[in-house]
Amino acid sequence: MTLQHAKLNGWVKEVAGLCRPDSIHWCDGSREEYDRLMKRMVESGVATPLQKRPHSFLFRSEPGDVARIESRTYISTANRDDAGPTNNWVAPEELKATMKSLYAGCMKGRTLFVIPFSMGAVDSPIAKIGVELTDSPYVVCNMHIMTRVGTTVMEKLGADGEFIPCLHSIGAPVAPGQKDASWPCAPLDQKYISHFPEENLIWSYGSGYGGNALLGKKCLALRIASAMAKREGWMAEHMLILRLTNPAGKQYHLAAAFPSACGKTNLAMLTPTLPGWKCECVGDDIAWIKIGPDGRPYAINPECGFFGVAPGTSYDSNPAAMDTVKENTIFTNCALTDDGDIWWEGMGPAPNHAIDWKGRDWTPDAKEPAAHANARFTVPARQCPVICPDWEKPQGVPIDIFVFGGRRTSVMPLVHEAYSWDHGVFMGATASSETTAANIGAVGNLRRDPFAMQPFCGYNMADYFGHWLAMGDRFGKHAPRIFYVNWFRKSPEGKWLWPGFGDNIRVLKWMCERIDGTVGAVETPIGLMPKEGDLDLTGLAIPDADLKELLRIDADAWKAEISDIERHFGQFGDRLPARIRRQLDDLRKRLG
Ligand code: GTP
Ligand code: SPV
Ligand code: MN
């Protein structure tokens, strides 16, 4: 590995001086490197190789380190208002001082790994380079899968190429002779996931889990990138990217923003139940979107792996994901079966005995689930049987449709379409969802999660709404059509009204036909909705009453929504764009 990059070398030296690792390892991204680190983790008992899945391993996290931690995530800007009311804020000087005292000596007894990585194919004009410094070999192996790591990135970086510095420590030094924990990390009140968007800098301390530790993902590709995108005139979004091909062979590209654990991976790999339709996955979590030479929005998936929710994934719900994770997969917080396989709730019949995610004996009559609700798989995207042949195309794919959504037990209909770009931005700005296990905290609480970016926007959310309006003005006639969906409406008895998963193609088909102008729509106060008979329900046995409920608009419930939207918008004060406020007035008028 060439080490001529003065700025990078200087930074590594400075961090090593502060964190005091025993050694420094520059990652080359090779299979040998991955195998060597994994072998060491197996030998120390941290990783369990899986007999049933070649080259696959199970990890169990510390029970308090199982998800992102929004309460410990900071956007640190010079002015508090630039982080906005939806982000935690501490002044940069103060936050850095606090974190420096935590970083001091935090890597003693460990190796400091230097991970040069690219978000986006190395030859993509949309790609960005980051360098993560970490003391976690688990993070190195996951970064190998999720990003492009190593030599080609160093070559592109050259002697003075730009990179985004990402510092990570699990925050658990080991003394000589001390037995290491199987998942070392710091206590909750010492965990920090900090972003300094004004200097494109990330400092994470104390957690080894997912979005807290794999810094290319939420920290770089969403929080830092969203702030860069605002400055530079592009978009960084919490969106899956999907190619749909209709029976006549016409292609449509869709990008959809749903909050964490609300269905992106599943929609991205959808197996259509309507004959003749084809879906191919470009990305399952993040989209970087730029205006192409023809004026259309083009999206790339900056990642090259999936860090997917395991529970609920089955051959019925998502066969493509099940086939993807047959080999070369890291499983975290899943259950281990007696024959050396993994298992989770919703995968299929429960084993008679397993070891649960906490390492305890488990039987089907146990009180607690065998896998954690936010158990995850990490797997290379290229293993997905429905990966789009153009998923690594440097210039990306042209987007025709934007979709917003969330998990709403009631009120939100199955699908509605925006009257205009501004109305669609209003739909994104007011998106709401019940919270999930992807964040540490209460599950099932209704909250606003604008554009599914509430935990990921690296600047003032009101300015982000303004950025969406400005991008729409630039897209002009090429602006994608905007829809809002809810797969999660329930009956009073608590059963899903919509079958979801592969049957979601029925809703996507309606969107495509709306674009082609081959189906009409009903004008309702909240937006355009399918006319009776326009949703293709061929082969689906859905009770009439359920369908009615899925498409029902309850005016009283929507008036209550308006009050909540007022409160939501109120937090932004004068910074809320007038065009967004106007949309709320229009909705109020339409509701009468
Ligand atoms: P992150 O990786 O956290 O960003 O999540 P995600 O948005 O990719 O969510 P994912 O597709 O992994 O789905 C999360 C959970 O929702 C899983 O348990 C799925 O089985 C379930 N789910 C996904 N799509 C549907 C659907 O159409 N209907 C129902 N009922 N459940 C769904
Ligand atoms: C999410 O929470 O939206 C995820 C998982 O995609 S994590 O990478 O842990 O943030
Ligand atoms: Mn996500």
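Residues numbered from 1 in each chain as written. Chains lettered and ligands numbered in written order. Predicted model: local features only at pLDDT ≥ 70, side-chain atom pairs only at ≥ 80, totals over all residues. Heavy atoms only, no water.

## Structural notes on the coordination of the manganese ion (ligand 3)
Here is step 1: Around the manganese ion (ligand 3), the protein contributes the donor atoms Lys 218 (NZ), His 238 (NE2) and Asp 285 (OD), at 2.2 to 2.3 Å from the metal centre.
Here is step 2: Geometry at the manganese ion (ligand 3) is octahedral, judged from its six donor atoms and the angles of 73 to 174° they form at the metal.
Here is step 3: Going along the chain, you hit the donors of the manganese ion (ligand 3) in the pattern K-x19-H-x46-D. Remark: Asp 285 occurs in the loop between strand 14 (278–283) and strand 15 (287–291) and His 238 occurs in the loop between strand 11 (235–237) and strand 12 (240–245); sequence separation between them is 47 residues. (Donors = N, O, S within 2.8 Å, 3.2 Å for Na, K, Ca; no water. Tetrahedral: all angles 85-135°; square planar, octahedral: opposite > 155°, others 65-115°. Helix = DSSP H or I, 4+ residues; strand = E, 2+ residues; numbered from the N terminus.)

## Re the site of ligand 2
Here is step 1: For ligand 2, the full set of nearby residues is Arg 68, Gly 210, Gly 211, Lys 217, Lys 218, His 238, Ser 260, Asp 285, Phe 307, Arg 376, Ala 438 and Phe 456.
Here is step 2: Interatomic distance of 3.4 Å between a side-chain N/O atom of His 238 and an oxygen atom of ligand 2.
Here is step 3: Between Asp 285 and ligand 2, the recorded distance is 3.4 Å, taken from a side-chain N or O atom to an oxygen atom.
Here is step 4: When isolated, ligand 2 has an accessible area of 290 Å², and the protein chains bury 98% of it.
Here is step 5: In terms of residue class, the shell around ligand 2 is built from three nonpolar, four polar and five charged. (Near = heavy atom within 4 Å. Polar contact = N/O pair within 3.5 Å; in protein donor to acceptor, adjacent residues only side chain to side chain. Areas by Shrake-Rupley, 256 points an atom, 1.4 Å probe, with all protein chains shown as cover. Nonpolar A, V, L, I, M, F, W, Y, C, P; charged D, E, K, R; others polar.)

## Section: the pairing of strand 6 (residues 128–134)
Here is step 1: The buried count for strand 6 comes to seven of seven residues, which makes it a mostly enclosed element.
Here is step 2: Side-chain alternation along strand 6 places Lys 128, Gly 130, Glu 132 and Thr 134 on one buried face and Ile 129, Val 131 and Leu 133 on a second face that is also buried.
Here is step 3: Pairing geometry for strand 5 (residues 111–119) and strand 6, over seven bridges, is antiparallel. Bridge pairing in strand 6 places Met 119 opposite Lys 128. (Buried < 20%, exposed > 50% of the residue type's maximum accessible area, 1.4 Å probe, protein only. Pairing = 2+ DSSP bridges.)

## Some thoughts on the packing of aromatic side chains
Here is step 1: In this structure the tally under the stated criterion is 27 aromatic pairs.
Here is step 2: Taking 4.7 Å as the distance between ring centres and 40° as the angle between the ring planes, the aromatic pair formed by Phe 451 and Trp 468 counts as tilted. Of the two residues, Phe 451 is situated in the loop between strand 28 (446–448) and helix 12 (461–475) and Trp 468 in helix 12; the sequence distance between them amounts to 17 residues. The pair Phe 451 / Trp 468 is uniform in exposure class, with both members buried.
Here is step 3: Within the aromatic cluster, the residues linked to one another by ring pairs are Phe 402, Phe 404, Trp 421, Phe 451, Tyr 459, Tyr 464, Phe 465, Trp 468, Phe 475 and Phe 572.
Here is step 4: Over the face of the ring belonging to Phe 163 we find Lys 7, whose NZ or CZ atom lies 5.6 Å from the ring centre.
Here is step 5: Positioned above the aromatic ring of Tyr 192, the side-chain terminus of Arg 72 is 4.6 Å from the ring centre. (Phe/Tyr/Trp six-rings, centres within 6.5 Å; stacked < 30°, edge-to-face > 60°. Lys NZ or Arg CZ within 6 Å of the ring centre and 35° of its normal.)

## Let's talk about the environment of Thr 98
Here is step 1: In this structure, Thr 98 sits in helix 4 (residues 92–103).
Here is step 2: Placed 94 residues apart in sequence, Thr 98 and Tyr 192 show a C-alpha to C-alpha distance of 9.8 Å.

## Brief notes about the site of ligand 1
Here is step 1: Lining the immediate surroundings of ligand 1 are 22 residues, of which Ala 261, Lys 264, Thr 265, Asn 266 and Arg 376 lie closest.
Here is step 2: Contacts to ligand 1 include Pro 311, whose backbone N or O atom sits 2.8 Å from an oxygen atom.
Here is step 3: Contact between ligand 1 and Asn 504: an oxygen atom at 3.1 Å from a side-chain N or O atom of the residue.
Here is step 4: Taking 660 Å² as the accessible area of ligand 1 by itself, protein coverage stands at 92%.
Here is step 5: Of all the secondary-structure elements, those providing two or more residues to the shell around ligand 1 are helix 9 (264–268) and strand 17 (305–309).
Here is step 6: Residue classes in the shell around ligand 1 are distributed as ten nonpolar, eight polar and four charged.
Here is step 7: Looking at which domains feed residues into the shell around ligand 1, each of domain 2 (305–379) and domain 3 (400–591) gives three or more. (Domains from an automatic or database assignment.)

## Overview of helix 16 (residues 578–591)
Here is step 1: Helix length check: helix 16 (14 residues) gives 20 Å between terminal C-alpha atoms against 20 Å at 1.5 Å per residue, within 8%.
Here is step 2: Next to the buried residues of helix 16 lie helix 11 (421–429), helix 12 and helix 15 (555–570). (Expected span 1.5 Å × (residues − 1). Contact = heavy atoms within 4.5 Å.)

## Remarks on the pattern of salt bridges
Here is step 1: Tallied over the entire structure, the rule returns 44 salt bridges.
Here is step 2: The residue Asp 400 makes a salt bridge to Arg 296 at a minimum N-O spacing of 3.0 Å. Of this pair, Asp 400 sits in the loop between strand 24 (397–398) and strand 25 (401–405) while Arg 296 sits in the loop between strand 15 and strand 16 (297–300), placing them 104 residues apart in sequence.
Here is step 3: Sharing partners across several salt bridges, the network here consists of Lys 217, Lys 218, Lys 264, Asp 285 and Glu 303. (Salt bridge = Lys/Arg side-chain N within 4 Å of Asp/Glu carboxyl O.)

## With respect to helix 4
Residues spaced three or four apart along an α-helix face the same direction, because each turn holds 3.6 residues.
Here is step 1: If you check helix 4, its first and last C-alpha atoms are 16 Å apart, about what twelve residues at 1.5 Å a residue would give, namely 16 Å.
Here is step 2: Within helix 4 the residues assigned to the buried category are Pro 92, Leu 95, Lys 96, Met 99, Leu 102 and Tyr 103. The arc enclosing the buried residues of helix 4, seen along the axis, measures out at 120°, which places them on a common side. In helix 4, those exposed residues whose orientation departs by more than 90 degrees from the buried face are Glu 93, Glu 94 and Ser 101.
Here is step 3: Of the residues trailing helix 4, Gly 105 is marked for its positive phi of about 75°. (Arc of directions from axis to C-beta.)

## Things to note about the environment of Phe 456
Here is step 1: In this structure, Phe 456 sits in the loop between strand 28 and helix 12.
Here is step 2: The sequence separation of Phe 456 and Arg 407 amounts to 49 residues, and the corresponding C-alpha distance is 18 Å.
Here is step 3: Not counting the four nearest positions on each side in its chain, Phe 456 is found in contact with Arg 68, Lys 218, Leu 222, Arg 223, Ser 226, His 238 and Ser 260.

## Examining the domain arrangement of the protein chain
Here is step 1: When the domains of the protein chain are assigned, the result is domain 1 (6–48 + 65–233), domain 2 (305–379) and domain 3 (400–591).
Here is step 2: A separation of 31 Å is found between the C-alpha centroids of domain 2 and domain 3.

## Brief notes about the packing of helix 2 (residues 31–43) against helix 5 (residues 137–146)
Here is step 1: The geometry of helix 2 relative to helix 5 is characterised by a closest axis approach of 10 Å and an angle of 145° between their N-to-C directions. When you trace helix 2 past helix 5, the crossing you get is left-handed. Contacts between helix 2 and helix 5 involve Glu 33, Tyr 34, Leu 37, Met 38 and Met 41 from the former and Pro 137, Tyr 138, Val 140, Cys 141, His 144 and Ile 145 from the latter.
Here is step 2: Looking at the contact of helix 2 with helix 5, its residues break down into nine nonpolar, one polar and one charged. (Axes fitted to C-alpha atoms, helices over the stretch in contact; angles between N-to-C directions. Left-handed = near helix turned anticlockwise from the far one by under 90°.)

## With respect to the state of the cysteines
Here is step 1: A full pass over the atoms with the stated rule returns zero disulfides.
Here is step 2: Cys 106 supplies the cysteine sulfur nearest to Cys 19, a cysteine that is in no disulfide, at a spacing of 3.8 Å.
Here is step 3: With a relative accessible area of 0%, Cys 19 lands in the buried category.
Here is step 4: Cys 457 takes part in no disulfide bond, and the closest cysteine sulfur to it belongs to Cys 219, at a distance of 14 Å. (Disulfide = S-S within 2.5 Å.)

## Overview of the nonpolar core
Here is step 1: Leu 244, Leu 254, Leu 267, Trp 288, Phe 465, Trp 468 and Met 511 are the most contacted members of the largest nonpolar core, which has 167 residues in total.
Here is step 2: The element that contributes the greatest number of residues to this core is helix 8 (residues 216–232), accounting for nine residues.
Here is step 3: In this structure Trp 468 touches Met 235, Glu 237, Met 239, Phe 402, Phe 404, Trp 421, Val 425 and Phe 451, once residues within four positions along its chain are discounted.
Here is step 4: Leu 8, Val 153, Phe 163 and Phe 196 belong to the second-largest nonpolar core, a separate cluster that totals 31 residues. (Core = buried A, V, L, I, M, F, W, Y, C linked by side-chain atoms within 4.5 Å.)

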